[in-house]
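# Reading the structure
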Amino acid sequence: MDNAIVFEYNVDSDDFTRAGEASSDIKKKLKEMGVSPEIVRKVAIAMYEGEINMVIHANGGKITVEITPKEIEMKLADVGPGIPDVDKAMQAGWSTAPEEVRNLGFGAGMGLPNMKKNTDDMKIDTEIGKGTTITMMVKMG
């Protein structure tokens, strides 16, 4: 992609104090670039949900955000356990989050559905025991 601006973030496993830093930073950067509030909101929600999933389920990982005049692509790659049943995981309210995570107010089973709802395209590549890469795209208007 030409004229792309790329940002990379590392997400730590089980670090709820820092969870959301990457999505907050991208939100700030997009606002500074003059991206429309609606697109900023969609990107921030989708990326936050993915970031939280990486913290809860996937031993952390790496987020790469590529911004072009046409679209914003977010690639969330982890080396977690993988998603055994993607269709089930896409159902609102279905969660494998442990009770201690739910007690913190996370793990309600809305992560993947919210990610899909706030993006124009979302692809999940997952392999049990190897990890998951979720690629999301939001069009610029």
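Report follows, based on the coordinates. Everything numeric in this text was worked out from a predicted model, so none of it was measured. (Residues numbered from 1 in each chain as written. Predicted model: local features only at pLDDT ≥ 70, side-chain atom pairs only at ≥ 80, totals over all residues. Heavy atoms only, no water.)

Moving on, we get to the pattern of salt bridges. Tallying each qualifying case throughout the model produces 7 salt bridges. In this structure, Lys123 engages Asp125 in a salt bridge whose closest nitrogen and oxygen atoms are separated by 3.5 Å. The class for Lys123 is partly exposed, based on a relative accessible area of 47%. Its relative accessible area of 38% is what places Asp125 among the partly exposed residues. A salt bridge links Glu127 to Lys130, with the nearest nitrogen and oxygen atoms 3.7 Å apart. Exposure remark for Glu127: the relative accessible area of 44% places this residue in the partly exposed category. One salt-bridge network, held together by shared partners, links Asp12, Arg18 and Glu21. (Salt bridge = Lys/Arg side-chain N within 4 Å of Asp/Glu carboxyl O. Buried < 20%, exposed > 50% of the residue type's maximum accessible area, 1.4 Å probe, protein only.)

Strand order in the open sheet made by the 5 strands is E1-E2-E3-E5-E4, with antiparallel pairing throughout. The sheet terminates laterally at strand E1 (5–11) and strand E4 (121–127), the two strands that pair on one side only. Strand after strand, the sheet turns through a mean of 10 degrees between neighbouring axes, direction not considered. When strand E3 (residues 71–78) meets strand E5 (residues 131–139), the two strands line up antiparallel, connected through 7 bridges. In the sheet register, Ile72 faces E5, and the bridge partner there is Val138. The sheet contacts of helix H1 (residues 21–32) involve E1, strand E2 (61–67) and E3, and relative to E1 the element is tilted by about 160 degrees. (Pairing = 2+ DSSP bridges. Helix = DSSP H or I, 4+ residues; strand = E, 2+ residues; numbered from the N terminus. Axes fitted to C-alpha atoms, helices over the stretch in contact; angles between N-to-C directions. Contact = heavy atoms within 4.5 Å.)

With that settled, consider the environment of Thr68. With respect to the helices and strands, the residue Thr68 is situated in the loop between E2 and E3. In this structure Thr68 comes out as buried when scored by relative accessible area, which is 7%. Separated by 51 residues in the primary sequence, Thr68 and Thr119 have C-alpha atoms spaced 16 Å apart.

As a further point, take helix H2 (residues 37–57). Compared with the 30 Å implied by 1.5 Å per residue over 21 residues, the 30 Å span of H2 between its first and last C-alpha is a close match. Two residues or fewer after H2 comes Asn59, characterised by a positive phi angle close to 60 degrees. (Expected span 1.5 Å × (residues − 1).)

In this structure, Ile63 and Val65 are the most contacted members of the largest nonpolar core, which totals 33 residues. Counting only elements with at least two residues in this core, the list comes to E1, H1, H2, E2, E3, helix H5 (111–117) and E5. For this core, the leading source of residues is H2, giving 9 residues. When near neighbours in sequence (up to four residues on either side) are disregarded, Ile63 contacts Phe7, Glu8, Tyr9, Val11, Ala22, Met47, Glu51, Met54, Lys75 and Leu76. (Core = buried A, V, L, I, M, F, W, Y, C linked by side-chain atoms within 4.5 Å.)

Among the 9 residues of E5, 7 are classified as buried, and the element is accordingly described as predominantly covered. In this structure, E4 lies alongside E5, joined through 7 bridges in antiparallel fashion. The partner of Asp121 across the bridge, within E5, is Met137. Joining the antiparallel neighbours E4 and E5 is a turn of 3 residues, in which Gly129 adopts a positive phi near 85 degrees.

What is shown is where atoms sit, not what they do.
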